[in-house]
Amino acid sequence: MPQWLQAGLWGLVAGGALVAGAGVAWLVRVPARLIAAIMAFGAGVLISALSFDLVDEAERSGGLGAAATGFLAGAVLYVAANAWLARHGARHRKRSGHQQVDEGQTQGSGAAIAIGALLDGVPESVVLGLSLLNGGGVGVAVLAAVFISNVPEGLSSASGMKNAGRDARYVFGVWGGIALASGIAASVGNLTLRTASPAAIAIITAVAAGAILAMIADTMIPEAFERAHVLTGLITTIGFLTAFTIERLGH
């Protein structure tokens, strides 16, 4: 199987976790505190992955300067895009309660939420595609981290969409589209960057890591803390330790 196709399939698998989470939220009434706890766990998993698999690898292959520049650039780009989307109704796109607005409150909010979900998912997918370039197969730790964190993201956001009056066609259209886009992003990343220099790949990896960390702080941690409160730190730590263990066992 061509490597770019493998990358696309792994991206689709990781993105499919969003659909699975949304399906659970749509069919089952999940307690808000449980959603928050799962979100905190997912945040810890992602923080571990970007620390040990993304930023560390970027620094090793491209140097500290390239890694730091890319990391900061990714955070700045994400925050700028997220601020623009927030003004158009997507500020609370991952919240499970009644924070999300409907189309009647903010015109265009449905499109903004969909674009925001795409913004959250693409950096992770590009990294999955890049992880295959060394010829050793997909990065198991990164794949596990993205998959594990995508379930609570889909669950929380879909619950909020349902509370805001969005219908099933919109909810599953958004997450199905994001899963497909995740596969495409992983394939494109693998195809277009296979001849790139180690420094270029390091910068792009660091950009993705910076965007992911900004996303965690802006959208995942607030949802987790609102309901889990003092347990948020402990649950996030457990998520971090879980991903770290997976990464070390993978070696």
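All values derive from a computational prediction rather than experimental measurement.

Description of a nonpolar patch on the surface
Together, Met1, Trp4, Leu5, Leu9, Leu12, Leu180, Ile184, Val188 and Leu191 give the surface a local cluster of nonpolar side chains, amounting to about 820 Å² of exposed area. When residues of the nonpolar patch are traced back to their parent elements, those giving at least two are helix 1 (3–27) and helix 6 (168–192). Turning to its location among the elements, Val188 is positioned in helix 6. Overall, the relative accessible area of 42% leaves Val188 in the partly exposed class.

Looking at the packing of aromatic side chains
Pairs of aromatic rings are described using the distance from one ring centre to the other and the angle between the two planes. Following the criterion strictly, the structure yields three aromatic pairs and no others. When the ring of Trp26 is compared with that of Phe172, the centres are 6.1 Å apart and the planes differ by 75 degrees; the resulting orientation is edge-to-face. One end of the pair, Trp26, is in helix 1; the other, Phe172, is in helix 6, with 146 residues separating them in the sequence. When the ring of Phe52 is compared with that of Phe240, the centres are 5.8 Å apart and the planes differ by 65 degrees; the resulting orientation is edge-to-face. With Phe52 in helix 2 (residues 32–62) and Phe240 in helix 8 (residues 232–250), this residue pair connects regions lying 188 residues apart in the sequence. Looking at Phe52, the relative accessible area reads 28%, which means it is partly exposed. Across the ring face of Trp26, the terminal group of Lys162 is positioned such that the distance to the ring centre comes to 5.2 Å.

Some words on the UniProt feature "transmembrane region" (unreviewed entry) in the protein
As recorded in UniProt, the sites labelled "transmembrane region" (unreviewed entry) are residues 7–28, 34–52, 64–85, 126–149, 170–193, 199–216 and 228–246. Within residues 7–28, the helical portion is 95% and the strand portion 0%, while the C-alpha atoms at the span's ends are 32 Å from each other. The straight-line gap between the two end C-alpha atoms of residues 64–85 is 32 Å; of that span, 100% is helix and 0% is strand.

As for the nonpolar core
If you look at the biggest cluster of nonpolar residues, it comprises 24 residues, and the most contacted ones within it are Leu46, Leu50, Leu54, Val142, Ile212, Ile216 and Met220. Breaking this core down by element, the ones donating at least two residues are helix 2, helix 4 (109–131), helix 5 (140–163) and helix 7 (198–228). With nine residues, the single largest contributor to this core is helix 7. With residues up to four places along the chain from it excluded, the contact list for Leu54 reads Ala49, Val127, Val142, Thr205, Ala209 and Ile212.

Side note on the packing of helix 1 against helix 5
Where helix 1 contacts helix 5, the two axes come as close as 7 Å, and the packing angle between them is 35 degrees. Note on packing geometry: the crossing formed by helix 1 with helix 5 is right-handed. Contacts from Trp10, Val13, Ala14, Gly15, Ala17, Leu18, Gly21, Ala22, Val24, Ala25 and Trp26 of helix 1 reach helix 5 at Leu143, Val146, Phe147, Asn150, Val151, Glu153, Gly154, Leu155, Ala158, Ser159 and Lys162. Classifying every residue of the contact of helix 1 with helix 5 by side-chain character gives 15 nonpolar, five polar and two charged.

A few points about helix 7
By the largest-angle criterion, Ile221 marks the main kink of helix 7, which is about 40 degrees, and a proline, Pro222, follows within four residues. Directly beyond the C-terminal end of helix 7, a positive phi value near 50 degrees is found at His229.

With respect to the side chain of Ser48
Looking at the secondary structure, you find Ser48 in helix 2. Residue classification places Ser48 among the buried positions, given a relative accessible area of 2%. Within the structure, Ser48 has its side chain in polar contact with the backbone nitrogen of Phe244 (distance 3.2 Å). Not counting chain neighbours up to four residues away, the residues in contact with Ser48 comprise Asp53, Phe240, Ala243 and Phe244.

Analysis parameters
- Residues numbered from 1 in each chain as written.
- Predicted model: local features only at pLDDT ≥ 70, side-chain atom pairs only at ≥ 80, totals over all residues.
- Heavy atoms only, no water.
- Patch = residues over 30% accessible without salt bridge, like charges linked within 9 Å, V, L, I, M, F, W, Y side chains within 5 Å.
- Areas by Shrake-Rupley, 256 points an atom, 1.4 Å probe, with all protein chains shown as cover.
- Salt bridge = Lys/Arg side-chain N within 4 Å of Asp/Glu carboxyl O.
- Helix = DSSP H or I, 4+ residues; strand = E, 2+ residues; numbered from the N terminus.
- Buried < 20%, exposed > 50% of the residue type's maximum accessible area, 1.4 Å probe, protein only.
- Phe/Tyr/Trp six-rings, centres within 6.5 Å; stacked < 30°, edge-to-face > 60°.
- Lys NZ or Arg CZ within 6 Å of the ring centre and 35° of its normal.
- UniProt positions renumbered as here; feature names shortened; annotations may be inferred.
- Core = buried A, V, L, I, M, F, W, Y, C linked by side-chain atoms within 4.5 Å.
- Contact = heavy atoms within 4.5 Å.
- Axes fitted to C-alpha atoms, helices over the stretch in contact; angles between N-to-C directions.
- Left-handed = near helix turned anticlockwise from the far one by under 90°.
- Nonpolar A, V, L, I, M, F, W, Y, C, P; charged D, E, K, R; others polar.
- Bend = angle between axes of the 7 residues up to and from the residue.
- Polar contact = N/O pair within 3.5 Å; in protein donor to acceptor, adjacent residues only side chain to side chain.

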